[in-house]
Amino acid sequence: MVHMYKLNGHRGAFDCAARVAYPLSALALKIIETVTPPLTPECPSALRYAMAKYDSHDLADAYAEVYALYEKGLLFAEKAPEVSTAPAVYAIIDTSASAAKEKIENAAAAGFDHMIVLVRDGCSCLASSLREAYAGKADLKLIMAMDPASLSDADISALNEAECYIQIPGGDGFAADVLALADRGARFIDAEIPATEAGRKDAVRLAKEMDKRQKNGASFAFASFDLALLSKEGFDSGKAACADCWAREICGGFRLSDTASCTAMCDNERTLIECAVVLGEKE
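This structure is a prediction, so every number in the text was calculated from the model and none was measured.

(A) Spotlight on the sheet that holds strand 5 (residues 114-119). Spatial ordering of the open sheet is given by 9-8-7-6-5-4-10, a layout of seven strands whose pairing is parallel. In this open sheet, the two edge strands, each paired with only one partner strand, are strand 9 (221-222) and strand 10 (231-232). With three bridges connecting them, strand 6 (residues 139-145) and strand 7 (residues 165-168) associate as parallel partners. Counterpart to Met 144 in the pairing with strand 7 is Ile 166. Along the sheet face, helix 4 (residues 100-109) touches strand 4 (89-95), strand 5 and strand 6 and points at about 155 degrees away from the line of strand 4. In the packing of helix 5 (residues 124-133) onto the sheet, contacts are made with strand 5 and strand 6, and the angle to strand 6 comes to roughly 175 degrees.

(B) Representation of helix 3 (residues 56-71) in the model. An ideal rise of 1.5 Å per residue puts 22 Å on 16 residues; helix 3 measures up with 22 Å between its terminal C-alpha atoms. Listing the buried residues of helix 3 in full gives Leu 59, Ala 62, Tyr 63, Val 66, Tyr 67 and Leu 69. Across the axial projection of helix 3, the buried residues extend over an arc of 155 degrees, all falling on one side. Exposed residues lying more than 90 degrees from the buried face of helix 3 are His 57, Asp 61 and Glu 71. Those residues of helix 3 hidden inside the fold are in contact with strand 2 (10-15), strand 3 (20-23), helix 1 (26-34) and helix 2 (45-50). Just beyond helix 3, the residue with positive phi is Gly 73, at close to 85 degrees.

(C) Structural view of unusual backbone geometry. Cis geometry marks the peptide bond from Pro 37 to Pro 38, where omega comes out at 0 degrees. Structurally, Pro 38 is set in the loop between helix 1 and helix 2. A positive phi angle is found at Glu 163, which is not glycine, with a value near 50 degrees. Even without a glycine there, the phi angle at Ala 260 is positive, about 60 degrees. Accessibility expressed as a relative area gives 43% for Ala 260, which makes it partly exposed.

(D) Just the nonpolar core, in detail. Of all hydrophobic cores here, the largest spans 58 residues; its most connected members are Met 115, Met 144, Val 178, Leu 206, Phe 222 and Phe 225. Looking at this core element by element, the count peaks at seven residues for helix 11 (residues 264-279). Sequence-distant contacts of Met 144, defined by excluding residues within four places in its chain, comprise Val 119, Gly 122, Cys 123, Leu 126, Ala 127, Leu 130, Leu 159, Cys 164, Tyr 165, Ile 166 and Gln 167. The next biggest cluster of nonpolar side chains, apart from the first, holds 20 residues, and it includes Leu 29, Ile 31, Leu 47 and Leu 74.

The rules we used
- Residues numbered from 1 in each chain as written.
- Predicted model: local features only at pLDDT ≥ 70, side-chain atom pairs only at ≥ 80, totals over all residues.
- Heavy atoms only, no water.
- Pairing = 2+ DSSP bridges.
- Helix = DSSP H or I, 4+ residues; strand = E, 2+ residues; numbered from the N terminus.
- Contact = heavy atoms within 4.5 Å.
- Axes fitted to C-alpha atoms, helices over the stretch in contact; angles between N-to-C directions.
- Expected span 1.5 Å × (residues − 1).
- Buried < 20%, exposed > 50% of the residue type's maximum accessible area, 1.4 Å probe, protein only.
- Arc of directions from axis to C-beta.
- Core = buried A, V, L, I, M, F, W, Y, C linked by side-chain atoms within 4.5 Å.

Laid out in structure tokens, this is it:
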């Protein structure tokens, strides 16, 4: 499935199966909303008349953007293009510090070599030791839940070195706390995002600020965005509750309830995916 997105001034088409974004101009998106297949290589005269208020050269360039996606089979296709390789599936490990290594070993024994490891009572020493112990053996996305007030500069440096996300308490206005920690030098951060409209708007604001910092050479990673594009344990894009959701090929029902029903977290996940897409766009 191809999802058309508009967020923080970014516009484009996102191939959900291949996880590839194709940035588009605003005019190209208007054309996509106007035309119907089959498309011809040259901009049709009917479209030129319908969009006569636009400069002809701009219209031709925008149509070329659209046709390039159409030619690749990404727009108006009855069947999505084949994806050469399936994305890695990550085991989800929610653990205490004392049980972290045992749970990682259990996941490895179950056949997982990609894992998202959230340690509820984390510390910088554990992050460093886990990173060293499993270097070259397993792909670990480490997250340590910590009190930002207790973090020393040495802790932040060690966590950065271990490429470990510092998870701080979430809640309304969480973006300000994330940015404050980034200003202290943390390069890998996370926070639990409220499943509310306010929480989603704060996530979008955070993505906008991260985009600005990225362009200014002061980027940092936010786990909830980075992990949104990863396939999680139990991935199944064919769940009935997900049938009408454009994100199903990415989320795979990860946010459904225990009874396989949609939840408010489904709305969160779609927002996080769009934020991840725009932050990952290449110029």
